Amino acid sequence: MSNHDLAIVILAAGKGTRLKSSLAKVLHRAGGRTLVEHIVRACEPLKARETVVVVGHKAEDVAAVVEPLGAVTVLQQPQNGTGHAVHVAKRALGRAKFALTLPGDAPLVRTETLKGLIATHRNGNAAATILSSVVADPSGYGRIVRKSETAVSAIVEESQLTDEQRELNEINSAIYCFTLENLWPALAQVKPNNKHRELYLTDAIAVMSAKGETVLAQVAADSREVLGCNTRADLAEVDRVFREWKRNALMDCGVTIQLPETVLIDPDVSSGEDTVIEAGVQLLGRTKLGARCSLKTGSVVIDSVVGDDVEIKHHSLVVESRVEDGVTIGPFARLRTGTHVKKGARIGNFVETKKALIDEGAKVPHLTYVGDTRIGAKTNIGAGTITCNYDGFQKHPTTIGKGVFIGSNSVLVAPVRIGDHAYVAAGSTITENVPADALGISRGRQVTKPGWAAKKRRELSAALQPAKSSRRAAKKKSRPRRASKKRRR
Ligand code: UD1
Ligand code: MG
């Protein structure tokens, strides 16, 4: 479908008073993106001649989000209502014949639905076509008043409903397709006849209908697509729907998700087949998971690439990292930015890594910090090893070769290099390079004194004897004194 005669207008200038927030309403997030970004993206495949976003409240912040997505912005100052907002966009629409107008706070609408709306509008030679929805609870929304099965006579806002109209359950999504040569004159006749003294775009519908122009309403196939976010509760509901759609999409691609409603997945996340995601997992940002992975309860993976057959055990956090095939992580591991774990390596419990390359088959199994470090293939890092990468001013690198054995509780003070197949003795503080095949040991030599402990116990016990007998004597003396007190009473 060619839409060279169509412009998109997104209304995003309002304050969002009901959210009680210092952030612009359309910059609140649901389903892993700002509200307005969802809408711009849903419109992108329509290939309209122009996408115009009307900004006002926190205009610069909103422009900073939508302009990189290819939209142009126009400023509405002050914000005198949705009708005024569309009027402000007039010059930016150029020679467009039609305008697809959307609110910036209803982000669940899908491209297919918009395509259907535009087609209905074109085929019906309409002045306006409204995307509507039939809902169980219409409160808060403008209601569609029909004059026949196909034609609409007006949209009535909640605050202006008669008792009879209150029963109507077909609501206005605030997504419309307009024929501009019909819209502009109608909008010019709209008056601010409401308690906010605003120009309502919805009032243009009644004007067009009264002139005998065709106004249609197309009912959205899925009523959730029109949910608007005016309150924090609306935001939570919209987020819930986005998350459900994303989980369903991944399940359709062959991913198992246990207790799906507890799992949070951002829109750009992908996964291979037969990956199993347990309850309470979060997959965020641009995370890519391979096939046959296992993500255990409580794990969080952000902006990371994970290969095939990877196991991320309970309560591990993986951020901006790369994890190759067959790796095991956790439980309780923290992989920070710039970690690269190569094939078959193992990161165990209570291990923190940052800017670290852990080569194939290497093991960092317990209680370790590895930062600004390269660890060679098949090297084993003992429990409690710490790379001291920071001297209070700068970060320094640690390079550990392949097949190295670092004994437990070692401290490697960077910059330092441990050569291939070297050993570091447990409990060492290594401040100098250890060459290949060497042993680095840096700790006090052990002295064993036979019988020392038994002798010490005898000495201590003898020293305590006089003290014990003098306490007994003191107790005896104190008894008669207490007795005499009683007698006095
Ligand atoms: C609007 C509709 C209502 C519909 C509902 C669907 C009107 C008068 N009412 O109500 O019929 O059922 O959406 O969600 O249109 N905006 C501007 N400039 C302004 C005022 C608003 O750009 O001067 C923007 C807002 O930022 C928002 C959108 O327009 O993105 C809609 O405004 P909002 O205040 O949310 O209208 P609703 O009360 O939800
Ligand atoms: Mg709204």
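Residues numbered from 1 in each chain as written. Chains lettered and ligands numbered in written order. Predicted model: local features only at pLDDT ≥ 70, side-chain atom pairs only at ≥ 80, totals over all residues. Heavy atoms only, no water.

Moving on, we come to the coordination of the magnesium ion (ligand 2). Looking at the magnesium ion (ligand 2), one finds its protein donor set to be D105 (OD) and N230 (OD1), positioned 2.1 to 2.3 Å from the metal centre. Within this pair, whereas D105 is found in the loop between β6 (98–103) and α4 (111–123), its partner N230 is found in the loop between β11 (215–219) and α7 (232–252), the two being separated by 125 residues in sequence. Residue classification places D105 among the buried positions, given a relative accessible area of 12%. (Donors = N, O, S within 2.8 Å, 3.2 Å for Na, K, Ca; no water. Helix = DSSP H or I, 4+ residues; strand = E, 2+ residues; numbered from the N terminus. Buried < 20%, exposed > 50% of the residue type's maximum accessible area, 1.4 Å probe, protein only.)

Taken as a whole and assessed by the stated rule, the structure comprises 4 aromatic pairs. With a centroid separation of 5.1 Å and an interplanar angle of 25 degrees, the aromatic rings of Y176 and F178 are classed as stacked. Per residue, the accessibility class of Y176 equals that of F178, and both read buried. Aromatic side chains F405 and Y423 sit 5.2 Å apart centroid to centroid with 25 degrees between the ring planes, which places their arrangement in the stacked category. Of this pair, F405 sits in strand β32 (residues 405–406) while Y423 sits in strand β35 (residues 423–424), and the two are 18 residues apart along the sequence. Exposure remark for F405: the relative accessible area of 36% places this residue in the partly exposed category. Overall, the relative accessible area of 46% leaves Y423 in the partly exposed class. When the ring centre of W245 is taken as reference, the NZ or CZ atom of R110 above it lies at 4.1 Å. (Phe/Tyr/Trp six-rings, centres within 6.5 Å; stacked < 30°, edge-to-face > 60°. Lys NZ or Arg CZ within 6 Å of the ring centre and 35° of its normal.)

Time to look at α4. Helix length check: α4 (13 residues) gives 18 Å between terminal C-alpha atoms against 18 Å at 1.5 Å per residue, within 8%. Listed in full, the buried residues belonging to α4 are T111, T113, L114, L117, I118 and H121. For α4, the angular spread of the buried residues around the axis is 160 degrees, confining them to a single face. In α4, the exposed residues that point more than 90 degrees away from the buried face are E112 and N123. Looking at the packing, one finds that the buried side of α4 touches β1 (3–12), α1 (35–43), β6, β7 (128–134), β10 (170–179) and β11. Of the residues trailing α4, N125 is marked for its positive phi of about 45 degrees. (Expected span 1.5 Å × (residues − 1). Arc of directions from axis to C-beta. Contact = heavy atoms within 4.5 Å.)

Turning our attention to the environment of D372. On the secondary structure map, D372 appears in strand β28 (residues 363–375). Given a relative accessible area of 13%, D372 falls into the buried group. A polar atom in the side chain of D372 sits 2.7 Å from the side chain of N389. (Polar contact = N/O pair within 3.5 Å; in protein donor to acceptor, adjacent residues only side chain to side chain.)

Looking now at the site of ligand 1. Taken together, the neighbourhood of ligand 1 is formed by 24 residues, with L11, Q76, G81, E157 and N172 sitting nearest. One of the side-chain nitrogen or oxygen atoms of Q76 is found 2.7 Å away from a nitrogen atom of ligand 1. Between T82 and ligand 1, the recorded distance is 2.9 Å, taken from a side-chain N or O atom to an oxygen atom. Contact with the protein chains covers 91% of the free accessible surface of ligand 1, which is 750 Å². For the shell around ligand 1, the secondary structure elements donating two or more residues are β1, α3 (82–88) and β10. It is β10 that provides the largest number of residues to the shell around ligand 1, a total of 3 residues. (Near = heavy atom within 4 Å. Areas by Shrake-Rupley, 256 points an atom, 1.4 Å probe, with all protein chains shown as cover.)

Turning to the nonpolar core, a few remarks are in order. Grouped together as the largest cluster of nonpolar side chains are 43 residues, with contacts concentrated most on L283, L295, I347, I358 and I418. Put simply, the parts of the chain that give this core at least two residues each are β27 (346–358), β28 and β34 (416–418). (Core = buried A, V, L, I, M, F, W, Y, C linked by side-chain atoms within 4.5 Å.)

Another point: helix α2 (residues 59–66). Listed in full, the buried residues belonging to α2 are A59, V62, A63 and V66. Summarising the axial view, the buried residues of α2 lie within an arc of 100 degrees, below the 170-degree limit, and thus occupy one face. Away from its buried face by more than 90 degrees, α2 exposes E60 and A64. Elements that come into contact with the buried residues of α2 comprise β1, α1, β4 (48–55) and β5 (72–75).

Take the side chain of H28 next. On the secondary structure map, H28 appears in the loop between β1 and β2 (29–30). Setting aside residues no more than four positions away along its own chain, H28 makes contact with L19, S21, L23, R33, T34, L35, R232 and L235.

Take T287: it is sitting in the loop between β16 (282–284) and β17 (288–289). Among the polar contacts listed, one links the side chain of T287 to the backbone oxygen of L284, at a separation of 2.7 Å. At 3.3 Å, the side chain of T287 forms a polar contact with the backbone oxygen of V301. In this structure, T287 is in contact with D268, V269, S270, V301, I302, D303 and S304, ignoring residues within four places of it in sequence.

The space that makes up the largest pocket amounts to roughly 1,200 Å³. What lines the largest pocket is a set of 39 residues, among which R18, K25, T82, D105 and N230 lie closest to the centre. For the lining of the largest pocket, the elements supplying multiple residues, two or more each, are β1, α3 and β10. No other element matches β10, which puts 4 residues into the lining of the largest pocket. (1 Å grid on protein atoms, 1.4 Å probe; cavity = no way out; pocket = protein on both sides within 12 Å on 5 of 7 lines; lining within 4 Å. Points joined across faces, edges and corners; volume = space filled by probe spheres on them.)

What follows is about unusual backbone geometry. With an omega of 0 degrees, the peptide bond between Q77 and P78 qualifies as cis. Structurally, the position occupied by P78 is in the loop between β5 and α3. A cis geometry characterises the amide bond from G330 onward to P331, with omega recorded as 5 degrees. Residue position: P331 is located in the loop between β24 (328–329) and β25 (334–335).

Let us now look at the packing of helix α5 (residues 180–188) against helix α6 (residues 202–210). Closest axis-to-axis distance for the α5/α6 pair is 9 Å, and the angle between their directions is 105 degrees. As judged from the angle between their axes, α5 and α6 are roughly perpendicular. Packed against α5, whose contacting residues are N182, L183, A186 and L187, the element α6 presents A204, V207 and M208 at the interface. Residue composition of the contact of α5 with α6, grouped by class: 6 nonpolar, 1 polar and no charged. (Axes fitted to C-alpha atoms, helices over the stretch in contact; angles between N-to-C directions. Parallel < 35°, antiparallel > 145°, perpendicular 65-115°, else oblique. Nonpolar A, V, L, I, M, F, W, Y, C, P; charged D, E, K, R; others polar.)

In this section: the environment of P78. Exposure remark for P78: the relative accessible area of 48% places this residue in the partly exposed category. Remark: the alpha-carbon pair of P78 and N409, spanning 331 residues in sequence, is separated by 65 Å.

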